[in-house]
Amino acid sequence: KENIQKIRTNIFMYGNSYNEQLMPIPTYIYQNSNKYNFNSYFSQGCISSLEIININEYRPGHCAKVFAKYLKFFQQQSKKGDILLIANSYDFLFTPNNTVFQKDGFQLNNEELTETYINEIINLSKQLNKDNKKLMLTNAIPVIDFDPRYCSSWFNALNKNCFKNKNLLNSKNNLRIKNINE
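Residues numbered from 1 in each chain as written. Predicted model: local features only at pLDDT ≥ 70, side-chain atom pairs only at ≥ 80, totals over all residues. Heavy atoms only, no water.

A.B. asks: Please explain the overall build of the protein chain as it appears in this structure.
C.D. replies: Along the backbone of the protein chain there are 7 helices and 7 strands. When its helices and strands are written in sequence order, the protein chain yields α-β-α-α-β-β-α-β-β-β-α-β-α-α. A total of 182 residues make up the protein chain; the buried ones form 41% of that total. A sequence separation of at least 24 residues applies to 72% of the contacts in the protein chain between residues at least 6 apart. For the protein chain, the computed accessible surface area is about 11700 Å², with 53% contributed by carbon and sulfur atoms. (Helix = DSSP H or I, 4+ residues; strand = E, 2+ residues; numbered from the N terminus. Buried < 20%, exposed > 50% of the residue type's maximum accessible area, 1.4 Å probe, protein only. Contact = heavy atoms within 4.5 Å. Areas by Shrake-Rupley, 256 points an atom, 1.4 Å probe, with all protein chains shown as cover.)

Shown next, in the form of structure tokens:
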């Protein structure tokens, strides 16, 4: 059994509640394959960032400290070829008129928030690559302009709230998600 553990790739999963929702997938993979071990941790309501602080946290900076501890755990427990998989929902990037996120004590607007997060992910990836480890991100759930469960009903065919935008997907916000995943 110890030899199997050495040849398996370890996947360390970290994220917000979106990570928790994905857990049936690694459970299935682990039960049906000898290739991977999984470690997963989620911190509800937190983003995976050392730099971005949500000032509405119970203790501002708590999420960054939790992420820092998990990164340290990953660095200590992982080996070459292992993977850090970050699973976030990315909804934090779409806070209207952002007033809750800061970096170094300064409020970030949505563009600065997105740019800060992308740069942090790029730098983390470079750091892990130096150690022959990989960073992977989950694709985010696409941002939809209206609730399809409500608007797909036949009796809402003329509801103007369901058709205020002819596009089902919010192109601007989905482009921001796409930028993170590139």
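A.B. asks: Which parts of the structure should I look at to understand helix α4 (residues 62–77)?
C.D. replies: With 16 residues, α4 ought to run about 22 Å at 1.5 Å a step, and its terminal C-alpha atoms sit 23 Å apart, in line with that. Each element contacted by the buried residues of α4 is listed here: β1 (9–15), β2 (36–42), β3 (53–54), β4 (83–87) and α5 (110–130). (Expected span 1.5 Å × (residues − 1).)

A.B. asks: So what exactly am I meant to see when it comes to the confidence of the model for the protein chain here?
C.D. replies: It should be kept in mind that the predicted coordinates are not to be read in detail where pLDDT is low. Across the protein chain, the average pLDDT comes to 78, with 69% of residues at 70 or higher. Ranking the elements of the protein chain by mean pLDDT puts helix α7 (residues 171–181) last with 55 and α4 first with 95. (pLDDT = per-residue confidence, 0-100.)

A.B. asks: Quick question: what am I supposed to make of the sheet that holds strand β6 (residues 106–107) here?
C.D. replies: The strands that make up a sheet are held in pairs by hydrogen bonds between backbone atoms, and each pair lies either parallel or antiparallel. Spatially, β3-β5-β6 is the arrangement adopted by the 3 strands of the open sheet, whose pairing is antiparallel. Among the strands making up the open sheet, the edge pair consists of β3 and β6. Note that β3 and strand β5 (residues 101–103) share 2 bridges and pair antiparallel. Its bridge partner being in β5, Asn-54 is matched across the sheet by Phe-101. (Pairing = 2+ DSSP bridges.)

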